[in-house]
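# Observations on chain architecture
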Amino acid sequence: MEQQPLFSLDEYIVSPQENAEPPNIFAIYLGEEAAEKIIASYGGQDLKVPSQESGPAFERVVKNLGQDLAEKFVRTFGGEFIYVPQEAAVKIKERNVKIREKVRAKMASGLSNLDAMSAVSEEFAISQRSIRRIFYG
């Protein structure tokens, strides 16, 4: 039998947007496909974006991203030092947002926080301790 809450949990449930990770800056300015290509090419690196669409530094960017994307990249971020996150880090952030959403949904449906975290732990195949760290951290 499912445990019913003693009082409404609505005021304690934070909407996913308030606690979600910030979106990838490359996806915002250049689109998802471009962001994936930039992360695949430069993930885990600090990058000095060339300030001009010419020269050896720009040619290296063209070699990695292609002419069109390299031009958009330089026009948008030219002259900046940017850290490009690793692909795995981006996926982990997305997974953590999903975990928070699922735990909240299960708690809203009447499960205790322990039962909700246990169910989500099994679904994502990670420990309950990790679920708690993601949810509360």
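Residues numbered from 1 in each chain as written. Predicted model: local features only at pLDDT ≥ 70, side-chain atom pairs only at ≥ 80, totals over all residues. Heavy atoms only, no water.

### So, the overall build of the protein chain
Across its full length, the protein chain holds eight helices and two strands. Ordered by position from N to C terminus, the α and β elements of the protein chain give α-α-α-β-α-α-β-α-α-α. Burial analysis of the protein chain (137 residues in total) assigns 31% to the buried set. Working note: accessible area of the protein chain is about 9,200 Å², and carbon and sulfur atoms make up 50% of it. (Helix = DSSP H or I, 4+ residues; strand = E, 2+ residues; numbered from the N terminus. Buried < 20%, exposed > 50% of the residue type's maximum accessible area, 1.4 Å probe, protein only. Areas by Shrake-Rupley, 256 points an atom, 1.4 Å probe, with all protein chains shown as cover.)

### Re unusual backbone geometry
Here the phi dihedral of A125 falls at roughly 55 degrees; this positive angle occurs in a residue that is not glycine. Along the chain, A125 falls in the loop between α7 (113-124) and α8 (128-136).

### Observations regarding the confidence of the model for the protein chain
Looking at the protein chain, pLDDT values average 86 and 88% of them are 70 or higher. The lowest-confidence element of the protein chain is helix α1 (residues 16-19), averaging 50 in pLDDT; the highest-confidence one is helix α5 (residues 67-77), averaging 94. (pLDDT = per-residue confidence, 0-100.)

### Let's talk about α8
Among the residues making up α8, those that are buried are I131, I134 and F135. The buried residues of α8 occupy one face: seen down the axis, they fall within an arc of 95 degrees. Relative to its buried face, α8 has exposed residues pointing more than 90 degrees away, namely R129, R133 and Y136. (Arc of directions from axis to C-beta.)

### Some points on the nonpolar core
Core analysis: the biggest nonpolar cluster contains 22 residues, and F26, I38, F73 and V84 have the highest contact counts within it. Beyond its immediate stretch of four places on either side in the chain, V84 contacts F26, I38, I39, Y42, G43, G44, Q45 and L47. (Core = buried A, V, L, I, M, F, W, Y, C linked by side-chain atoms within 4.5 Å. Contact = heavy atoms within 4.5 Å.)

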